[in-house]
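What follows is the residue order along each chain.
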Amino acid sequence: MREKLTTDRLNKEDKATYLRHLDNLSNQKSVIFTAKDEGLVEGMAKGMAKGMAKGLAKGKAEGKAEGKAEGKAEGKAEGFSEGLLLVASNMKKNGEPVEKIIEFTGLSKEQIADIPD
């Protein structure tokens, strides 16, 4: 069994050395814990920044792709509508009956009536 060190039995010089040693151990422990905490904070900050940058890049890419797809779909629909109106306009100019224009284009009587002669 280990004997417990009692500082009462030490002379003044040995007691001062021992207390300095304990103080140094306490300081070392404090430095280690502080470094550990600072490392954690720094690591978390770097990780969050990296994650946010990655998420932002992914979000931009997805948004760009989605916007491009929507724009393409809208453009096709608009082009198709303009094509139908052009066919209807040409048919109307050639004197085709409204019923035939409706059958070929799917446009309503009102839409055909709005087409200038």
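It should be emphasised that the depicted structure is a prediction, and the values quoted were computed from it without experimental measurement. (Residues numbered from 1 in each chain as written. Predicted model: local features only at pLDDT ≥ 70, side-chain atom pairs only at ≥ 80, totals over all residues. Heavy atoms only, no water.)

1. What to know about the environment of Ile101
Mapping Ile101 onto the fold places it in helix α2 (residues 98-105). The buried category is assigned to Ile101, whose relative accessible area is 0%. With near-sequence residues (within four places) excluded, Ile101 lies in contact with Ala88, Met91, Lys92, Glu96, Gly106 and Ile112. (Helix = DSSP H or I, 4+ residues; strand = E, 2+ residues; numbered from the N terminus. Buried < 20%, exposed > 50% of the residue type's maximum accessible area, 1.4 Å probe, protein only. Contact = heavy atoms within 4.5 Å.)

2. Quick look at a positive patch on the surface
On the surface, Lys64, Lys68, Lys72 and Lys76 cluster together into a patch of positive charge. Relative to the helices and strands, Lys72 resides in helix α1 (residues 12-93). (Patch = residues over 30% accessible without salt bridge, like charges linked within 9 Å, V, L, I, M, F, W, Y side chains within 5 Å. Areas by Shrake-Rupley, 256 points an atom, 1.4 Å probe, with all protein chains shown as cover. Salt bridge = Lys/Arg side-chain N within 4 Å of Asp/Glu carboxyl O. Lys, Arg positive; Asp, Glu negative; His and termini not counted. Charge placed at Lys NZ, Arg CZ, Asp CG, Glu CD.)

3. Describing the side chain of Ser89
Residue placement: Ser89 occurs in helix α1. Setting aside its immediate chain neighbours within four residues, Ser89 contacts Ile115 and Pro116.

4. Comments concerning the packing of α1 against α2
As a packed pair, α1 and α2 sit with axes 10 Å apart at the nearest point and diverge in direction by 155 degrees. Looking at the two axes, α1 sits roughly antiparallel to α2. Taken as a pair, α1 and α2 cross one another with a handedness that is right-handed. When α1 is examined against α2, the residues Leu84, Val87, Ala88, Met91 and Lys92 are found in contact with a partner set consisting of Lys100, Ile101, Phe104 and Thr105. When the residues that make up the contact of α1 with α2 are grouped by side-chain class, the tally is six nonpolar, one polar and two charged. (Axes fitted to C-alpha atoms, helices over the stretch in contact; angles between N-to-C directions. Parallel < 35°, antiparallel > 145°, perpendicular 65-115°, else oblique. Left-handed = near helix turned anticlockwise from the far one by under 90°. Nonpolar A, V, L, I, M, F, W, Y, C, P; charged D, E, K, R; others polar.)

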